[in-house]
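Geometric and topological summary
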Amino acid sequence: MRKKLLLIALALALASAGVWLGMGANRGWTKTSVPKKTVDEVTGIESVNYERRFQPGLELLGAAMLAAGLLASASFLCGKPKPNQHHQ
Amino acid sequence: MKNTIINLFALTSLASAAAAAPQDFDFKDPKGVNNAVFTLDAPLEAISGSANGVSGTVRFDPADPAATKGKITVAASSLHVPNPVMKEHLHGPQWLDTSRHPEITFEAKSLANVKTSGENTTADVTGTLTLKGVAREITVPVRFTYLKDKLGVRVPNQQGDLLVIRANFSIKRSDYGINPKAPTDKVADTIELSLSIAGAAPR
């Protein structure tokens, strides 16, 4: 049980870190749209439009790491695995 | 001979008057380029967003820019920030209360320190900014760029002129009753604003 919980905690930590890094390593708040700037060639105005894109932020990464930490802590509450006893 | 000179003078005056006539520029942009960008400092990340629901009319005379008058309106519902929870708060009653105050307006009353160089005119524009139902007189530095006969380049089959207005200035959210309880170390009191808009005067 302990081992399982530790493995799940590790998988969660690695997966969340991987997703966060792979989706832009956003060091701000989670975003569901990102700004896209274009320059109007006649007026020179830089316009800002938003493109729908999910970008996890530090608060999501932090929540996932916290969950992984809690799972890992919970694994220690399960105690050491008992050795197998052979019944005769 | 004397009559010819008088006629020529009259014709020249008429031509100059026609060329120098003030024009009404419409800032409702079908291309959706017009925008206002806002930024507030915050600990994790600066809160930055934009609004593109710009409309309004400005009367501008390139020969007499000091006489410029007009009103620009930004639809409060068009304000956008990339975080959906933050956007909901922004539009909510504690912040902009967009359902009760759907428009943010600036009405220009007078210009000072007017300087023109080529197609660009800079001036300090004094007017009334109305935000969340609070109206305050402010003075902002503005740059006008008059683009004669450029409307046709932007919008096919239309003749006319363009007027580009750019302004960068700051206001305090506490002056407009925008969530005064929010501590300034969590969200800055100062809002940096940047306006980039183009109006058209078709002929």
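For the structure, see preceding data.
Residues numbered from 1 in each chain as written. Chains lettered and ligands numbered in written order. Predicted model: local features only at pLDDT ≥ 70, side-chain atom pairs only at ≥ 80, totals over all residues. Heavy atoms only, no water.

1. Comments concerning the overall build of chain B
A count of helices and strands for chain B gives 3 helices and 11 strands. Tracing chain B from N to C terminus, the helices and strands come up as α-β-β-β-β-β-β-α-β-β-β-α-β-β. Overall, chain B is about 80 × 35 × 30 Å in size when its C-alpha atoms are taken along their principal axes. Here chain B, with 203 residues, has 43% of them falling under the buried criterion. Of all intrachain contacts in chain B linking residues separated by at least 6 positions in sequence, the fraction that spans at least 24 positions is 57%. (Helix = DSSP H or I, 4+ residues; strand = E, 2+ residues; numbered from the N terminus. Buried < 20%, exposed > 50% of the residue type's maximum accessible area, 1.4 Å probe, protein only. Contact = heavy atoms within 4.5 Å.)

2. Focus: the pairing of strand β5 (residues 69-75) of chain B
All names here are of chain B. Note: strand β4 (residues 54-60) against β5, 6 bridges, orientation antiparallel. Residue pairing in the sheet places Val54 in a bridge with Val74 of β5. With 6 bridges connecting them, β5 and strand β7 (residues 103-117) associate as antiparallel partners. The partner of Val74 across the bridge, within β7, is Ile104. (Pairing = 2+ DSSP bridges.)

3. Side note on empty space enclosed by the protein
Residue and element names in this part refer to chain B. Within this structure, the stated rule accounts for 1 cavity of 30 Å³ or more. Estimated volume of the largest cavity: approximately 590 Å³. Lining the largest cavity are 39 residues, with Ile104, Leu129, Phe169, Leu193 and Leu195 positioned closest to its centre. Every element with two or more residues in the lining of the largest cavity is listed here: β2 (35-40), β5, β7, β8 (120-131), β9 (134-147), β10 (160-172) and β11 (190-202). When its residues are assigned to classes, the lining of the largest cavity shows 32 nonpolar, 4 polar and 3 charged. (1 Å grid on protein atoms, 1.4 Å probe; cavity = no way out; pocket = protein on both sides within 12 Å on 5 of 7 lines; lining within 4 Å. Points joined across faces, edges and corners; volume = space filled by probe spheres on them. Nonpolar A, V, L, I, M, F, W, Y, C, P; charged D, E, K, R; others polar.)

4. A closer look at the nonpolar core
Among the nonpolar cores identified, the biggest contains 44 residues, and Phe27, Leu79, Phe144, Leu163 and Ile165 of chain B are the most heavily contacted of them. Leaving out residues up to four positions away in the same chain, Leu79 of chain B has contacts with Phe38, Ser50, Ala51, Val74, Lys87, Leu90, His91, Leu96 and Ile104 of chain B. (Core = buried A, V, L, I, M, F, W, Y, C linked by side-chain atoms within 4.5 Å.)

5. Structural notes on unusual backbone geometry
Residues and elements named next belong to chain B. At Lys132, a position not held by glycine, the phi torsion is positive, near 50°. Summarising the element assignment, Lys132 is placed in the loop between β8 and β9. Phi at Asn157 is positive, roughly 65°, even though this residue is not glycine. When you line up the elements, Asn157 lands in the loop between α3 (151-154) and β10. A relative accessible area of 81% places Asn157 in the exposed class.

6. So, a nonpolar patch on the surface
Residues and elements named next belong to chain A. On the surface, a cluster of nonpolar side chains totalling about 330 Å² of accessible area is made up of Val19, Met23, Phe54 and Leu60. On the secondary structure map, Phe54 appears in strand β2 (residues 46-55). Accessibility expressed as a relative area gives 41% for Phe54, which makes it partly exposed. (Patch = residues over 30% accessible without salt bridge, like charges linked within 9 Å, V, L, I, M, F, W, Y side chains within 5 Å. Areas by Shrake-Rupley, 256 points an atom, 1.4 Å probe, with all protein chains shown as cover. Salt bridge = Lys/Arg side-chain N within 4 Å of Asp/Glu carboxyl O.)

7. Overview of the packing of helix α1 (residues 2-22) of chain A against helix α2 (residues 58-77) of chain A
All names here are of chain A. With their axes 8 Å apart at the nearest point, α1 and α2 run at an angle of 170° to one another. As the angle between them shows, α1 and α2 are arranged roughly antiparallel. Contacts between α1 and α2 involve Arg2, Leu5, Leu6, Ile8, Ala9, Leu12, Ala13, Ser16, Ala17 and Trp20 from the former and Leu58, Leu61, Ala64, Met65, Ala67, Ala68, Leu71, Ala72, Ala74, Ser75 and Phe76 from the latter. Counted by class, the contact of α1 with α2 contains 18 nonpolar, 2 polar and 1 charged residues. (Axes fitted to C-alpha atoms, helices over the stretch in contact; angles between N-to-C directions. Parallel < 35°, antiparallel > 145°, perpendicular 65-115°, else oblique.)

8. Points about the pattern of salt bridges
The tally for this structure, following the rule as stated, stands at 9 salt bridges over all chains. Salt-bridge contacts for Arg53 of chain A lead to Glu51 of chain A; the nearest nitrogen and oxygen are separated by 3.5 Å. Of the charged contacts in the structure, one is a salt bridge between Arg203 of chain B and Asp161 of chain B, with a shortest N-O distance of 2.9 Å. Note that Arg203 of chain B is positioned in the segment after β11 and Asp161 of chain B in strand β10, a separation of 42 residues in sequence.

Functional significance is not addressed by these values, which are geometric in nature.
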